[in-house]
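Fold and contact review
Chain residues, written in single-letter form:
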Amino acid sequence: MTRILHLNSSLRSSGSHSRTLSGEFLAKWTAAHGDNVSVVERDLAGRQVPHLTEATIGAFFTPADKRSAEQVQALQLSDELIAELKNADVIVIGAPMYNFSISSTFKAWIDHVLRAGVTFKYTDKGPIGLLEGKKVYVFTARGGVYSHGPAAAMDFHETYLRAALGFIGLKDITFVHSEGLSMGEEAINQAVAQTRTALAALVPA
(Lines give C-alpha, C1' and ligand atoms only; values in the text may rest on other atoms or scores of the structure.)
Protein backbone atom coordinates (compact mmCIF):
# COMPACT_ATOMS: atom_id res chain seq x y z
CA MET A 1 0.00 0.00 0.00
CA THR A 2 1.37 3.41 -1.03
CA ARG A 3 0.25 6.16 1.34
CA ILE A 4 0.03 9.55 -0.36
CA LEU A 5 -0.39 12.96 1.26
CA HIS A 6 -1.93 15.43 -1.19
CA LEU A 7 -1.28 18.99 -0.10
CA ASN A 8 -2.93 21.89 -1.95
CA SER A 9 -1.86 25.47 -1.28
CA SER A 10 -3.69 27.41 -3.99
CA LEU A 11 -5.98 30.09 -2.58
CA ARG A 12 -8.38 29.38 -5.44
CA SER A 13 -11.01 26.73 -4.86
CA SER A 14 -11.74 26.66 -8.62
CA GLY A 15 -9.80 27.61 -11.71
CA SER A 16 -6.50 26.58 -10.12
CA HIS A 17 -3.96 24.98 -12.43
CA SER A 18 -1.93 23.51 -9.56
CA ARG A 19 -5.04 21.92 -8.06
CA THR A 20 -6.16 20.54 -11.39
CA LEU A 21 -2.81 19.13 -12.44
CA SER A 22 -1.82 17.63 -9.08
CA GLY A 23 -5.31 16.09 -8.96
CA GLU A 24 -4.88 14.61 -12.44
CA PHE A 25 -1.56 13.12 -11.36
CA LEU A 26 -3.21 11.45 -8.38
CA ALA A 27 -6.10 10.22 -10.51
CA LYS A 28 -3.67 8.56 -12.94
CA TRP A 29 -1.74 7.00 -10.05
CA THR A 30 -4.95 5.67 -8.50
CA ALA A 31 -6.18 4.35 -11.84
CA ALA A 32 -2.89 2.54 -12.34
CA HIS A 33 -2.66 1.01 -8.88
CA GLY A 34 -6.25 0.77 -7.64
CA ASP A 35 -6.53 -0.63 -4.13
CA ASN A 36 -2.81 -0.22 -3.46
CA VAL A 37 -3.11 3.54 -2.93
CA SER A 38 -4.34 5.46 0.12
CA VAL A 39 -4.69 9.26 -0.15
CA VAL A 40 -4.96 11.86 2.63
CA GLU A 41 -6.08 15.31 1.43
CA ARG A 42 -4.91 18.51 3.12
CA ASP A 43 -6.35 21.73 1.65
CA LEU A 44 -4.61 24.80 3.03
CA ALA A 45 -7.23 27.13 1.56
CA GLY A 46 -10.26 25.23 2.80
CA ARG A 47 -8.72 24.72 6.23
CA GLN A 48 -6.08 27.36 6.72
CA VAL A 49 -3.18 26.70 9.06
CA PRO A 50 -2.75 29.62 11.48
CA HIS A 51 0.53 31.47 11.73
CA LEU A 52 2.71 30.61 14.70
CA THR A 53 2.07 32.39 17.99
CA GLU A 54 4.24 32.99 21.01
CA ALA A 55 2.35 30.22 22.82
CA THR A 56 3.05 27.71 20.05
CA ILE A 57 6.73 28.61 19.83
CA GLY A 58 7.00 28.30 23.60
CA ALA A 59 5.44 24.85 23.47
CA PHE A 60 7.86 23.79 20.72
CA PHE A 61 10.81 24.45 23.00
CA THR A 62 9.33 23.01 26.20
CA PRO A 63 10.25 19.37 26.92
CA ALA A 64 7.26 17.08 26.39
CA ASP A 65 7.11 15.98 30.02
CA LYS A 66 6.99 19.59 31.22
CA ARG A 67 4.30 20.99 28.91
CA SER A 68 1.17 22.45 30.43
CA ALA A 69 -2.28 21.43 29.25
CA GLU A 70 -2.42 24.71 27.30
CA GLN A 71 0.86 23.94 25.57
CA VAL A 72 -0.30 20.45 24.64
CA GLN A 73 -3.38 22.05 23.10
CA ALA A 74 -1.23 24.61 21.27
CA LEU A 75 0.72 21.77 19.61
CA GLN A 76 -2.29 19.73 18.56
CA LEU A 77 -2.41 20.97 14.96
CA SER A 78 1.36 20.81 14.52
CA ASP A 79 1.35 17.22 15.78
CA GLU A 80 -1.48 16.37 13.38
CA LEU A 81 0.32 17.85 10.37
CA ILE A 82 3.57 16.09 11.24
CA ALA A 83 1.77 12.77 11.70
CA GLU A 84 0.35 13.11 8.17
CA LEU A 85 3.87 13.68 6.84
CA LYS A 86 5.38 10.80 8.78
CA ASN A 87 2.66 8.39 7.67
CA ALA A 88 3.04 9.25 3.98
CA ASP A 89 5.28 7.39 1.55
CA VAL A 90 4.69 10.00 -1.14
CA ILE A 91 3.83 13.70 -0.85
CA VAL A 92 2.09 15.41 -3.78
CA ILE A 93 1.97 19.20 -3.53
CA GLY A 94 0.10 21.80 -5.54
CA ALA A 95 2.10 24.99 -5.04
CA PRO A 96 1.35 28.08 -7.14
CA MET A 97 3.78 30.97 -7.02
CA TYR A 98 2.70 34.08 -5.13
CA ASN A 99 5.01 37.08 -5.38
CA PHE A 100 8.04 34.97 -6.31
CA SER A 101 7.53 32.34 -3.58
CA ILE A 102 4.84 30.22 -1.91
CA SER A 103 1.55 31.32 -0.35
CA SER A 104 1.54 32.54 3.24
CA THR A 105 -0.74 29.64 4.19
CA PHE A 106 1.79 27.16 2.83
CA LYS A 107 4.55 28.97 4.74
CA ALA A 108 2.46 28.61 7.91
CA TRP A 109 2.21 24.85 7.27
CA ILE A 110 5.99 24.68 6.91
CA ASP A 111 6.43 26.60 10.16
CA HIS A 112 4.31 23.99 11.94
CA VAL A 113 6.14 20.95 10.54
CA LEU A 114 9.76 22.09 10.85
CA ARG A 115 10.30 21.21 14.50
CA ALA A 116 13.61 20.56 16.20
CA GLY A 117 13.74 17.11 17.75
CA VAL A 118 10.67 15.98 15.80
CA THR A 119 11.29 16.40 12.06
CA PHE A 120 14.96 17.39 12.28
CA LYS A 121 17.67 17.37 14.92
CA TYR A 122 20.82 19.31 15.61
CA THR A 123 24.07 17.36 15.86
CA ASP A 124 27.75 18.21 16.18
CA LYS A 125 27.91 17.83 12.41
CA GLY A 126 24.97 20.13 11.77
CA PRO A 127 21.20 19.62 11.39
CA ILE A 128 19.87 16.28 10.13
CA GLY A 129 16.42 15.71 8.64
CA LEU A 130 14.36 12.92 10.19
CA LEU A 131 11.84 12.29 7.40
CA GLU A 132 14.06 10.60 4.84
CA GLY A 133 12.99 7.94 2.37
CA LYS A 134 9.92 9.72 1.00
CA LYS A 135 9.21 10.91 -2.55
CA VAL A 136 7.87 14.41 -3.17
CA TYR A 137 6.18 15.76 -6.32
CA VAL A 138 5.52 19.51 -6.57
CA PHE A 139 3.18 20.88 -9.23
CA THR A 140 3.56 24.63 -9.59
CA ALA A 141 1.67 27.34 -11.44
CA ARG A 142 3.48 30.53 -12.40
CA GLY A 143 2.32 33.59 -14.27
CA GLY A 144 5.76 34.21 -15.74
CA VAL A 145 8.76 32.09 -16.67
CA TYR A 146 11.20 31.62 -13.80
CA SER A 147 12.91 28.31 -14.53
CA HIS A 148 15.25 30.06 -16.97
CA GLY A 149 15.85 33.45 -18.52
CA PRO A 150 16.00 36.91 -16.93
CA ALA A 151 13.40 36.15 -14.21
CA ALA A 152 15.26 33.10 -12.89
CA ALA A 153 17.01 35.26 -10.28
CA MET A 154 13.60 35.98 -8.75
CA ASP A 155 12.68 32.32 -8.25
CA PHE A 156 12.43 32.00 -4.48
CA HIS A 157 9.75 29.38 -5.06
CA GLU A 158 11.53 26.16 -5.98
CA THR A 159 14.71 27.24 -4.19
CA TYR A 160 12.84 27.85 -0.91
CA LEU A 161 10.86 24.61 -1.08
CA ARG A 162 13.97 22.56 -1.82
CA ALA A 163 15.71 24.13 1.17
CA ALA A 164 12.80 23.89 3.63
CA LEU A 165 11.68 20.38 2.71
CA GLY A 166 15.26 19.17 2.38
CA PHE A 167 15.97 20.42 5.90
CA ILE A 168 13.62 17.76 7.30
CA GLY A 169 14.94 15.02 5.03
CA LEU A 170 12.59 15.41 2.04
CA LYS A 171 15.28 15.69 -0.60
CA ASP A 172 13.89 13.46 -3.36
CA ILE A 173 11.77 16.17 -4.97
CA THR A 174 10.48 16.37 -8.55
CA PHE A 175 9.18 19.76 -9.66
CA VAL A 176 6.75 20.06 -12.56
CA HIS A 177 6.42 23.73 -13.50
CA SER A 178 3.51 25.22 -15.43
CA GLU A 179 4.84 28.62 -16.47
CA GLY A 180 3.74 31.61 -18.51
CA LEU A 181 0.14 31.31 -17.33
CA SER A 182 -0.34 35.09 -17.49
CA MET A 183 1.01 35.35 -21.02
CA GLY A 184 -2.13 34.65 -22.99
CA GLU A 185 -4.30 31.69 -23.96
CA GLU A 186 -1.74 30.10 -26.28
CA ALA A 187 0.91 30.13 -23.54
CA ILE A 188 -1.56 28.62 -21.05
CA ASN A 189 -2.53 25.82 -23.42
CA GLN A 190 1.10 25.04 -24.16
CA ALA A 191 2.10 25.03 -20.49
CA VAL A 192 -0.78 22.78 -19.44
CA ALA A 193 -0.14 20.38 -22.32
CA GLN A 194 3.54 20.12 -21.39
CA THR A 195 2.67 19.52 -17.75
CA ARG A 196 0.17 16.79 -18.61
CA THR A 197 2.79 15.04 -20.73
CA ALA A 198 5.31 15.27 -17.89
CA LEU A 199 2.94 14.04 -15.17
CA ALA A 200 1.81 11.06 -17.21
CA ALA A 201 5.42 9.92 -17.44
CA LEU A 202 5.92 10.27 -13.68
CA VAL A 203 3.22 7.82 -12.58
CA PRO A 204 4.96 4.62 -11.40
CA ALA A 205 4.32 1.54 -13.51
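Now for a quick tour of the structure. (Residues numbered from 1 in each chain as written. Predicted model: local features only at pLDDT ≥ 70, side-chain atom pairs only at ≥ 80, totals over all residues. Heavy atoms only, no water.)

Moving on to the packing of helix H4 (residues 76–87) against helix H5 (residues 104–113). Direction vectors running N to C along H4 and H5 enclose 90°, while the axes themselves pass 8 Å from each other. Here H4 is positioned roughly perpendicular relative to H5, judged by the angle of their axes. On the side of H4, the interface is formed by Ser 78, Leu 81, Ile 82 and Leu 85, while H5 contributes Trp 109, His 112 and Val 113. Classifying every residue of the contact of H4 with H5 gives 5 nonpolar, 2 polar and no charged. (Axes fitted to C-alpha atoms, helices over the stretch in contact; angles between N-to-C directions. Helix = DSSP H or I, 4+ residues; strand = E, 2+ residues; numbered from the N terminus. Parallel < 35°, antiparallel > 145°, perpendicular 65-115°, else oblique. Contact = heavy atoms within 4.5 Å. Nonpolar A, V, L, I, M, F, W, Y, C, P; charged D, E, K, R; others polar.)

Turning our attention to the sheet that holds strand E1 (residues 2–8). In spatial order, the strands read E2-E1-E3-E6-E7; together these 5 strands make up an open sheet with parallel pairing. For this open sheet the edge positions go to strand E2 (37–43) and strand E7 (172–178), each flanked by a neighbour on one side alone. Direction aside, neighbouring strands of the sheet carry axes that sit 15° apart on average. As judged from the 7 bridges shared by strand E3 (residues 90–96) and strand E6 (residues 135–141), these two strands associate in the parallel manner. By the bridge assignment, Pro 96 is partnered in E6 with Ala 141. Sitting on the sheet, helix H7 (residues 185–202) is in contact with E6 and E7, with an inclination near 155° to E7. (Pairing = 2+ DSSP bridges.)

Among the nonpolar cores identified, the biggest contains 29 residues, and Leu 85, Ile 93, Phe 106 and Trp 109 are the most heavily contacted of them. At the level of elements, E1, H4, E3, H5, E6, helix H6 (158–167) and E7 are the ones that each hand at least two residues to this core. Look past the residues within four positions of Ile 93 in its chain and what remains in contact with it is Leu 7, Phe 106, Val 136, Tyr 137, Val 138, Phe 139 and Leu 165. Within the second largest apolar cluster, 14 residues are counted, among which are Ile 4, Tyr 137, Leu 199 and Val 203. (Core = buried A, V, L, I, M, F, W, Y, C linked by side-chain atoms within 4.5 Å. Buried < 20%, exposed > 50% of the residue type's maximum accessible area, 1.4 Å probe, protein only.)

Further remarks concern the packing of helix H1 (residues 17–33) against H7. Put simply, H1 and H7 touch, their axes get as near as 10 Å, and they point 25° apart. Judged by the angle between their axes, H1 and H7 are roughly parallel. Of the two possible hands of crossing, H1 and H7 adopt the one that is right-handed. Contacts from His 17, Thr 20, Leu 21, Glu 24, Phe 25 and Lys 28 of H1 reach H7 at Ile 188, Val 192, Thr 195, Arg 196, Leu 199, Ala 200 and Leu 202. Considered class by class, the residues forming the contact of H1 with H7 number 7 nonpolar, 3 polar and 3 charged. (Left-handed = near helix turned anticlockwise from the far one by under 90°.)

A word on the pattern of salt bridges. If charged atoms from side chains of opposite charge come close, those side chains can pair. Applying the stated criterion across every chain yields a total of 12 salt bridges. Of the charged contacts, one joins Arg 115 and Asp 79 as a salt bridge, the two residues approaching to 2.7 Å between their closest N and O atoms. Taken as a pair, Arg 115 in the loop between H5 and strand E4 (120–123) and Asp 79 in helix H4 lie far apart in primary sequence, 36 residues in all. By relative accessible area, Arg 115 is classed as buried at 5%. For Arg 142, the salt bridge is made with Asp 155, and the minimal N-O distance between the two is 3.1 Å. Residue Arg 142 is located in the loop between E6 and H6, and its partner Asp 155 is located in the loop between E6 and H6; the two are separated by 13 residues in the primary sequence. Asp 155 shares its class with Arg 142; the two are buried. The structure contains a network of salt bridges with shared partners spanning Arg 42, Arg 47, Glu 80 and Glu 84. (Salt bridge = Lys/Arg side-chain N within 4 Å of Asp/Glu carboxyl O.)

The next thing to look at is unusual backbone geometry. The backbone of Asn 99 sits at a positive phi, close to 50°, despite the residue not being glycine. When its relative accessible area of 72% is taken as the criterion, Asn 99 is described as exposed. Even without glycine at this site, Phe 100 takes up a positive phi of about 80°. Relative to the helices and strands, Phe 100 is located in the loop between E3 and H5.

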